[in-house]
Amino acid sequence: MKYTIIAALVASATAFTAPKVEIPSAVKAAVAGAAVTAGVAVSPAFAGDVGAGEQVFNANCAACHAGGQNVIMPEKTLEKDALEQYLAGGRNEKAVMTQVTNGKNAMPAFGGRLSDEDIANVASYVIATSEAGWDE
């Protein structure tokens, strides 16, 4: 009797299991293109809020990095070219987040002082502002 019930349960379960459907890459690309065309934002998971990042920057970073500069090591600014040259991992939000979280050389670590959200926001602000150009 037990085996009959188990067999009936297994048969019922397999009857409701959906087959795996492989979506062709051309369809995936078309959907992504349609999302961009429709104005749907497709962004990295760690993209932060630039406006909030500016507030975090002004409160925590501007003492050494006002106007995208660096008062300790003048060649290592937050300008676009300098970030690409000196930032471990290149000029991107993830690399800025790593540097802010862990610190490096004279720069202290902010991982224990700022939330992950604050760090993501300040990274977005630094990348966006380095692209647009810092106002001195």
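Coordinates for the structure precede this section.
Remarks on the nonpolar core
Most often, soluble globular proteins have nonpolar side chains that are buried together.
Moving on, step 1. Of all hydrophobic cores here, the largest spans 21 residues; its most connected members are Phe-57, Leu-78, Leu-83, Val-96, Val-100, Val-122 and Val-126.
Moving on, step 2. Contributing elements (two or more residues each) for this core: α3 (50–60), α6 (93–102) and α7 (116–132).
Moving on, step 3. The element that contributes the greatest number of residues to this core is α7, accounting for 7 residues.

Digging into α7
Each turn of an α-helix holds 3.6 residues, which means side chains three or four residues apart point in the same direction.
Moving on, step 1. Between its first and last C-alpha atoms α7 spans 24 Å; for 17 residues at 1.5 Å apiece the expected length is 24 Å, and the two agree.
Moving on, step 2. Every buried residue of α7 is accounted for by Ile-119, Ala-120, Asn-121, Val-122, Ala-123, Ser-124, Tyr-125, Val-126, Ile-127, Thr-129 and Ser-130.
Moving on, step 3. Where α7 is buried, its residues touch α3, α5 (80–86) and α6.
Moving on, step 4. Looking one or two residues beyond α7, the residue adopting positive phi is Gly-133, at roughly 105°.

A few points about α6
Moving on, step 1. Glu-93, Ala-95, Val-96, Met-97, Gln-99 and Val-100 are the residues of α6 that are buried.
Moving on, step 2. Against the buried residues of α6 lie α7.
Moving on, step 3. Among the residues of α6, the N-terminal cap falls to Asn-92, whose side-chain oxygen and the backbone nitrogen of Lys-94 are separated by 3.1 Å.
Moving on, step 4. Gly-103 lies just past α6 and shows a positive phi near 70°.

Regarding the state of the cysteines
Moving on, step 1. Taken as a whole and judged by the stated rule, the model has 0 disulfides.
Moving on, step 2. Here Cys-61 stays free of any disulfide, with the sulfur of Cys-64 as its closest cysteine sulfur at 8.9 Å.
Moving on, step 3. By relative accessible area, Cys-64 is classed as partly exposed at 33%.

The rules behind these values
- Residue indices follow the written sequence of each chain, beginning from 1 at its first position.
- Totals for whole chains, interfaces and linings use all residues, but because this is a predicted model, local features are given only for residues with pLDDT of at least 70 and pairs of side-chain atoms are given and counted only at 80 or more.
- Each side-chain value is worked out from all heavy atoms of the structure, with water and hydrogens disregarded.
- Residues belong to a common nonpolar core when they are buried Ala, Val, Leu, Ile, Met, Phe, Trp, Tyr or Cys residues joined through side-chain atoms within 4.5 Å.
- Accessibility here uses a 1.4 Å probe with only protein chains present; expressed as a share of the type maximum, an area under 20% marks a residue as buried, one over 50% as exposed, and anything in between as partly exposed.
- Counting from the N terminus, the helices are the DSSP runs of H or I reaching at least four residues and the strands are the DSSP runs of E reaching at least two.
- Each residue after the first adds 1.5 Å to the expected span of a helix.
- The contact criterion used is simple: two residues touch if any of their non-hydrogen atoms lie within 4.5 Å.
- Polar contact is the term for a pair of N or O atoms within 3.5 Å; when the atoms are in protein, one must be able to donate a hydrogen and the other to accept it, and sequence-neighboring residues count only if both atoms are side-chain atoms.
- Pairs of cysteine sulfur atoms within 2.5 Å are what we label disulfides.

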